[in-house]
Amino acid sequence: MNIEESRAGLEKHMLAQADSVGELLEQFRSRISPELIGGTGWDRLLERARALPISLATSGFGFELPLHEPERRADLGVALFEGSLSAAHFEKWCRTQPDDPSTAAAFRLLRTMGRESAIRRIGGTKLMLEYDIDPGCAGPLPDPGIFLYPAPDVLSNKEAVRGLEGLRAAAAAVAAAAGWTLEASERLQIERLFSAMPAGTHIGSVGAFPARSDGFRIAVTGFRKTRDFTAFLERTDWSGRPDAVAPFVSEMEERGAFAHLAAHFDIPAQGGLGPALGVSFYARDTQWVKEVDPWMALIDGIGEHGIAVPHKLSALATSWSGAEAVFGRRSMLLLVRGIHHIKLVVSDDRFTQAKAYVFVLMLPPFPAAATAAGR
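Asks: I'd like to hear about helix α10 (residues 242–255), residue by residue, with values.
Replies: With 14 residues, α10 should cover 20 Å at 1.5 Å per step; its first-to-last C-alpha distance of 20 Å lies within 8% of that length. Its maximal kink placed at Phe248, α10 deviates by approximately 25°. Residues Pro242, Val245, Ala246, Phe248, Val249 and Met252 constitute the buried set of α10. In this fold, the buried residues of α10 make contact with α9 (226–235), β7 (260–268), β8 (277–282), α11 (296–304), β10 (332–347) and β11 (350–363). Looking one or two places after α10, you find Gly256, whose phi comes out positive at around 70°.

Asks: Before we move on, could you go through the packing of α10 against α11 and cite the residues and values that matter?
Replies: Running from amino to carboxyl end, α10 crosses α11 at an angle of 145°, the nearest separation of the two axes being 10 Å. In this structure, α10 meets α11 at a crossing whose hand is right-handed. Taken together, the residues of α11 that come into contact with α10 (itself represented by Phe248, Glu251, Met252 and Arg255) are Ala297, Leu298, Asp300, Gly301, Ile302 and Glu304.

Asks: Just give me the short version of the packing of aromatic side chains, but keep the residues and values in it.
Replies: Counted under the stated rule, the structure contains 12 aromatic pairs. Between Trp288 and Phe359, the aromatic rings sit 4.9 Å apart at their centres with planes inclined by 70°, giving edge-to-face as the arrangement. On the criterion of sequence distance, the pair formed by Trp288 in the loop between β8 and α11 and Phe359 in strand β11 is long-range, its members being 71 residues apart. Clustering of aromatic rings is evident, with ring pairs tying together Phe223, Phe229, Phe232 and Phe265. Sitting over the ring of Tyr149, Lys126 keeps its end group 4.8 Å from the ring centre.

Asks: Could you give me a rundown of the side chain of Ser33, with the residues and numbers involved?
Replies: On the secondary structure map, Ser33 appears in the loop between α2 (21–27) and α3 (39–49). Accessibility expressed as a relative area gives 11% for Ser33, which makes it buried. Reaching out from Ser33, the side chain makes a polar contact with the backbone nitrogen of Glu35 at a distance of 3.1 Å.

Asks: Could you give an account of the nonpolar core, naming the residues involved and the relevant values?
Replies: By size, the foremost hydrophobic cluster in this structure holds 117 residues, and its most contacted members are Phe63 and Leu76. Examining the composition of this core, we find that 10 residues originate from one element, helix α7 (residues 160–178), more than from any other. Those residues in contact with Phe63, other than ones at most four positions away along the chain, are Leu25, Ile32, Ile37, Leu45, Ala74, Asp75, Leu76, Trp320, Ala356, Tyr357, Val358 and Val360.

Asks: Outline α9, listing residues and values.
Replies: Among all positions of α9, only Thr226, Phe229, Thr230, Phe232 and Leu233 are buried. Taken end-on, α9 shows its buried residues confined to a sector of 155°, consistent with a single buried face. For α9, the exposed residues lying more than 90 degrees away from the buried face are Arg227 and Glu234. Summarising the contacts, the buried residues of α9 are in contact with α8 (184–196), β6 (215–223), α10, β7 and β8.

What counts, and where the lines are drawn
- Residues numbered from 1 in each chain as written.
- Predicted model: local features only at pLDDT ≥ 70, side-chain atom pairs only at ≥ 80, totals over all residues.
- Heavy atoms only, no water.
- Helix = DSSP H or I, 4+ residues; strand = E, 2+ residues; numbered from the N terminus.
- Expected span 1.5 Å × (residues − 1).
- Bend = angle between axes of the 7 residues up to and from the residue.
- Buried < 20%, exposed > 50% of the residue type's maximum accessible area, 1.4 Å probe, protein only.
- Contact = heavy atoms within 4.5 Å.
- Axes fitted to C-alpha atoms, helices over the stretch in contact; angles between N-to-C directions.
- Left-handed = near helix turned anticlockwise from the far one by under 90°.
- Phe/Tyr/Trp six-rings, centres within 6.5 Å; stacked < 30°, edge-to-face > 60°.
- Lys NZ or Arg CZ within 6 Å of the ring centre and 35° of its normal.
- Polar contact = N/O pair within 3.5 Å; in protein donor to acceptor, adjacent residues only side chain to side chain.
- Core = buried A, V, L, I, M, F, W, Y, C linked by side-chain atoms within 4.5 Å.
- Arc of directions from axis to C-beta.

Right under this line is the structure:
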């Protein structure tokens with residue numbers, strides 16, 4: 001079975017499990033640690049998720065857990081693949097919700113992905129939506145961030161001209177979907193960032209948060225050594241000090257706490273790079289790591305340096321891993337949980353935030369699940 005057939009079967013199975021993302025979450029509340037998401041944080045998450053169609057969770061979903069905050073809350077991440085059964089379901093749902101502005105950017109970007117050959121050439125079939133969920137925020141919740149995920153072998157420096165053209169196309173598509181035009185200063189900064197990338201790295205994602213402000217969020221990934229990572233930072237226009245980042249990253253490298261790193265930059269509309277830097281750690285090169293053991297060296301290091309709330313680190317280590325059979329609304333499902341990556345945010349030359357990006361896959365029982373999980 002090829003990947004498209006596998007995904008189609010999974011999506012068809014999952015579309016029958018619930019009507020909304022919120023309804024799906026409620027079915028498996030007991031598998032989500034209240035130490036990580038609870039109280040008003042859980043209530044606000046459900047409020048947002050109940051307004052989202054189930055098609056946004058058929059290919060898995062995830063949470064951004066702020067480990068540095070005692071508040072038990074999470075932002076929500078969901079994905080679509082252009083041309084898929086779920087994307088068609090989502091577009092149909094969008095047409096029935098003409099007064100919901102939160103779907104507009106995602107709807108526009110999906111349409112662009114389907115008709116523009118430039119986006120197809122970069123392998124840009126995956127669209128990720130990130131919903132900011134603040135329990136203390138009154139009124140309507142903000143529109144989601146929108147992110148494209150190019151194929152790793154396309155937006156790299158192996159073919160500099162082709163890669164840069166693809167990056168420009170991705171940035172222009174995201175800007176148009178978000179409702180603004182790619183400015184010359186932004187284009188110049190994107191080109192500078194691309195030219196600073198060393199061999200072996202690639203653009204991991206290109207996105208924006210339309211509800212926050214004009215500007216882009218770009219990830220450069222594939223760094224395996226601290227020295228390569230800091231040398232790259234020195235070649236960019238980032239205003240922070242790479243030598244403030246190096247000691248912790250080097251210590252984690254010595255512990256074998258990561259397989260590779262990614263750097264996340266904000267590119268505001270006025271040009272230049274934003275002052276904050278995201279440093280993401282990936283324990284393995286595989287995308288879905290359901291075991292917690294590969295993460296323990298990093299979790300322990302974060303705890304020893306006091307970057308996160310201890311009880312939340314403990315809850316992450318003990319509750320978000322493994323696979324188990326559970327009862328869904330219509331059938332048995334294989335519930336798979338794990339940590340996708342952990343990101344530390346650097347500002348004022350120190351690590352100020354720690355965020356775990358965890359995933360949830362709900363698959364049909366074996367053997368179909370084994371095929372789908374290999375996508």
